[in-house]
Amino acid sequence: MELTAVNNPQVKAAAELKLKKHRQARGLFLAEGLRTVEEAVAYKQVESIFYTAIEDDRTRAVLEAAAEQQVKLYCVSDAVLKKIADTETPQGIIAVCKMQQVNMEQLLAKGKMLLVLDRVGDPGNVGTMLRTADAAGLGGLVLLKGSVDIYAPKTVRSSMGSLFHVPVLAGVGENEFIESAHNAGYELLVTCLDGADNLYKADLHGRLAFVMGNEANGVSDGLLAAADKRVYIPMAGRAESLNVAMAAGIVMFEALRRQL
């Protein structure tokens, strides 16, 4: 189907998904760019796709795969795509995708290491950490209340498709998570400075939930009190601290290294 009018109902409905309230109400979100749409189609999470001219074999292939899944396909004008897109210069293809349906019990039952984010506020950081957790083979990502929306367009782009690979649970209360994780046999490993062990000498075996805190204020007092392990990343230079996404990557890959 071809769409050229920016006030078309399907176009307006898709564009509304740039706002959190509409994403939450409908359980849908936007995925921009060919690579991300490829992953969304591969994991059968797509409801509809808006695209401009088909100019390459990769785009043609992903549209053919989507058509086989009965995904609604809309060929649109540049103006329509720009209305839907969150970026200034859209890449030519945007998918409307279904949010994950994961609960705490399912996530914890996997028994793998988890990444837990406490009030992390930057979409780029969250997307990057999700991508890194995917690369390190973690079993899931938990976003505690106060963290940025995992389905915000910038977060989705930053994850580079990993949002479709890793189970994600968002909006979880701190106390609920602590109790559920401990009951499932997980130890909470918190990055901090007070009373912490050197990461490279710490015990990283067992079921671990790596807790990363807010960019400015770190991990909450409640999570610090509940922590089973506290670690710090030793630094040789004069930088005061590391970016939270970088720190999370170091912790996760150190744990992975111990398993290899």
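Quick notes on the rules
- Residues numbered from 1 in each chain as written.
- Predicted model: local features only at pLDDT ≥ 70, side-chain atom pairs only at ≥ 80, totals over all residues.
- Heavy atoms only, no water.
- Salt bridge = Lys/Arg side-chain N within 4 Å of Asp/Glu carboxyl O.
- Helix = DSSP H or I, 4+ residues; strand = E, 2+ residues; numbered from the N terminus.
- Buried < 20%, exposed > 50% of the residue type's maximum accessible area, 1.4 Å probe, protein only.
- Core = buried A, V, L, I, M, F, W, Y, C linked by side-chain atoms within 4.5 Å.
- Contact = heavy atoms within 4.5 Å.
- Axes fitted to C-alpha atoms, helices over the stretch in contact; angles between N-to-C directions.
- Parallel < 35°, antiparallel > 145°, perpendicular 65-115°, else oblique.
- Left-handed = near helix turned anticlockwise from the far one by under 90°.
- Nonpolar A, V, L, I, M, F, W, Y, C, P; charged D, E, K, R; others polar.
- Patch = residues over 30% accessible without salt bridge, like charges linked within 9 Å, V, L, I, M, F, W, Y side chains within 5 Å.
- Areas by Shrake-Rupley, 256 points an atom, 1.4 Å probe, with all protein chains shown as cover.
- Polar contact = N/O pair within 3.5 Å; in protein donor to acceptor, adjacent residues only side chain to side chain.
- Pairing = 2+ DSSP bridges.
- Right-handed = clockwise from strand over helix to strand, strands pointing away.
- Expected span 1.5 Å × (residues − 1).

Visitor: For this particular structure, what's the right way to read the pattern of salt bridges?
Guide: Side-chain pairs of opposite charge can arise whenever the charged atoms involved come near each other. For the structure on display, the rule yields 10 salt bridges. Of the charged contacts, one joins aspartate 86 and arginine 157 as a salt bridge, the two residues approaching to 3.1 Å between their closest N and O atoms. With aspartate 86 in the loop between α5 (78-84) and β5 (93-98) and arginine 157 in helix α8 (residues 153-159), this pair connects stretches of sequence that are 71 residues apart. Of the residues examined, aspartate 86 reaches a relative accessible area of 37% and is grouped as partly exposed. Residue arginine 157 is classed as partly exposed on the basis of its relative accessible area of 24%. Put simply, aspartate 203 and lysine 229 hold a salt bridge, and the shortest N to O gap is 3.8 Å. Here lysine 229 lies in strand β12 (residues 229-232) and aspartate 203 lies in the loop between β10 (197-198) and β11 (208-212), a separation of 26 residues in the sequence. Note on lysine 229: relative accessible area 16%, which makes it buried.

Visitor: In this structure, what is going on with the nonpolar core? I would like to understand it.
Guide: In terms of nonpolar packing, the biggest core is built from 53 residues, with Ile49, Leu115, Leu117, Ile150 and Phe210 touching the most fellow members. Per-element tally for this core: the top contributor is helix α11 (residues 244-259), with seven residues. When residues no more than four places from it in sequence are discounted, the contact partners of isoleucine 150 are Val126, Leu130, Leu141, Leu143, Thr155, Val156, Leu163, Val168 and Ala170. Formed by 23 residues, the second largest nonpolar core is a distinct cluster that contains Ala181, Leu188, Cys192 and Val219.

Visitor: Explain the packing of helix α3 (residues 34-42) against helix α4 (residues 57-68) to me, please; I cannot follow it from the model alone.
Guide: Packed helix pairs are specified by the crossing angle of their axes together with the interaxial distance, meaning the distance between the axes. Two elements in contact, α3 and α4, have axes separated by 10 Å at closest approach and are oriented at 25°. The angle between α3 and α4 falls in the class roughly parallel. For α3 against α4, the interelement crossing comes out left-handed. Counting all contacts with α3, which are made through Leu34, Arg35, Val37, Glu38 and Val41, the residues of α4 involved are Arg58, Thr59, Val62, Ala65 and Ala66. Classifying every residue of the contact of α3 with α4 by side-chain character gives six nonpolar, one polar and three charged.

Visitor: Explanation requested: a nonpolar patch on the surface in the structure shown.
Guide: Taken together, Met235, Leu242 and Met246 make up a surface patch of nonpolar side chains, about 270 Å² in accessible area. The topology assignment puts methionine 235 in the loop between β12 and α11. On the basis of relative accessibility, which here comes to 40%, the residue methionine 235 falls in the partly exposed class.

Visitor: In this structure, what is going on with the side chain of serine 147? I would like to understand it.
Guide: On the secondary structure map, serine 147 appears in the loop between β7 (140-144) and α8. Since its relative accessible area comes to 13%, serine 147 is described here as buried. A distance of 3.2 Å separates a polar atom in the side chain of serine 147 from the backbone oxygen of leucine 117. Reaching out from serine 147, the side chain makes a polar contact with the backbone nitrogen of arginine 119 at a distance of 3.0 Å.

Visitor: Even after reading the chapter, I still don't get the sheet that holds strand β8 (residues 168-172), so can you show me in this structure?
Guide: Hydrogen bonds along the backbone pair up the strands of a sheet, which may run parallel or antiparallel. The strand order β8-β7-β6-β11-β9-β12-β10 describes an open sheet built from seven strands, whose pairing is parallel. Two strands lie at the open edges of the sheet, namely β8 and β10, each paired on one side alone. The pairing of strand β6 (residues 114-117) with β11 spans four bridges and is parallel. From the neighbouring strand, valine 116 faces β11, where its bridge partner is valine 211. Lying over the sheet, helix α9 (residues 174-183) contacts β6, β7, β8, β9 (187-191) and β11, oriented at roughly 130° with respect to β9.

Visitor: Is there a simple way to think about the pairing of β6 in this case?
Guide: Two faces, one strand: in a regular strand the side chains alternate between the faces of the sheet. Burial along β6 is two-sided: the residues Leu114 and Val116 and Leu115 and Leu117 are all buried. In this sheet, β7 lies alongside β6 in parallel orientation, the contact comprising four bridges. Paired with leucine 115 across the strands is leucine 141, a residue of β7. As a crossover connection, the stretch from β6 through helix α7 (residues 123-135) into β7 is right-handed.

Visitor: So what exactly am I meant to see when it comes to α7 here?
Guide: Residues lying three or four places apart along an α-helix face the same way, a consequence of the helix completing one turn every 3.6 residues. A rise of 1.5 Å per residue sets the reference length of α7, with its 13 residues, at 18 Å; its end C-alpha atoms lie 18 Å apart and thus fit the reference within 8%. What α7 keeps buried is the set Pro123, Gly124, Asn125, Val126, Gly127, Met129, Leu130, Thr132 and Ala133. Where α7 is buried, its residues meet β6, β7, α8, β8 and α11. Its side-chain oxygen at 2.9 Å from the backbone nitrogen of glycine 124, aspartate 122 defines the N-terminal cap of α7. Trailing α7 by a residue or two, glycine 137 shows a phi angle of about 80°, which is positive.

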